[in-house]
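Structural description and commentary
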Amino acid sequence: MDSNPLLNESNHWYDLALFFTFTQHVQYVKTRGLAFISDYQGSFELLTDPQILTHPTVSPGVDIFGDGNMEAAVSEFEKQHICSYYCKWPGFGLHPFTKQADGSIDDTAKSAADGSIDDAEPAADGSIDDAEPAADGSGGDDADVS
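As the structure is a computational prediction, the values presented were derived from the model and not from experiment.

1. Some remarks on the side chain of threonine 23
- Tracing the chain through its elements places threonine 23 in helix H1 (residues 14–30).
- Judged by its relative accessible area of 16%, threonine 23 falls in the buried class.

Spelled out as structure tokens, the structure:
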């Protein structure tokens, strides 16, 4: 499963594909690296049959989303995803994943506007125990794109 558009840049639908990869970035950040939606299908007016991809810690040993749940896609998302201009637009508050020359992710880079995705490690059951609410008590989701 690729976290980047599979269409050629000259394809009429390429910009839409970029937008879908941006939504994956948002979902990845909002779930603190635990899940995102992939394999969008359907028509221009209605998307159907998406595949929910989850991190291996979400349900160890239990296949909760079927054979299409490629856990490695979530584990490797930050390494594989190439941020588009949607991801980089300041109004969304996302931070591009910073890659080192060797392909690894710079641990000092912040993936969420408040940095919480880098600070929180999922527990064995997939929950996040150390999520801190924002100063305004809203739960810390500064990168709200809804």
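Past the structure itself, the notes keep going.
2. Concerning the pattern of salt bridges
- For the coordinates displayed, the defined rule picks out one salt bridge.
- In this structure, the salt-bridge partner of lysine 79 is glutamate 76, at a minimum N-O distance of 3.9 Å.

3. Quick look at the packing of aromatic side chains
- Applying the stated rule across the entire model yields 10 aromatic pairs.
- Feature note: the residues Phe19, Phe20, Phe22, Tyr40, Tyr85, Tyr86, Trp89 and Phe92 constitute an aromatic cluster, connected by ring pairs.

4. Some thoughts on the environment of histidine 55
- Examined against the element boundaries, histidine 55 turns out to sit in the loop between strand S4 (51–54) and helix H2 (71–75).
- The spatial distance from the C-alpha of histidine 55 to the C-alpha of alanine 73 is 8.1 Å, given a sequence separation of 18 residues.
- Once residues lying within four places of it in the same chain are set aside, the contact partners of histidine 55 are Gly33, Leu34, Glu71, Val74 and Ser75.

5. Remarks on the nonpolar core
- If you look at the biggest cluster of nonpolar residues, it comprises 16 residues, and the most contacted ones within it are Phe22, Tyr28 and Phe36.
- No other element matches H1, which puts six residues into this core.

What counts, and at which threshold
- Residues numbered from 1 in each chain as written.
- Predicted model: local features only at pLDDT ≥ 70, side-chain atom pairs only at ≥ 80, totals over all residues.
- Heavy atoms only, no water.
- Helix = DSSP H or I, 4+ residues; strand = E, 2+ residues; numbered from the N terminus.
- Buried < 20%, exposed > 50% of the residue type's maximum accessible area, 1.4 Å probe, protein only.
- Salt bridge = Lys/Arg side-chain N within 4 Å of Asp/Glu carboxyl O.
- Phe/Tyr/Trp six-rings, centres within 6.5 Å; stacked < 30°, edge-to-face > 60°.
- Contact = heavy atoms within 4.5 Å.
- Core = buried A, V, L, I, M, F, W, Y, C linked by side-chain atoms within 4.5 Å.

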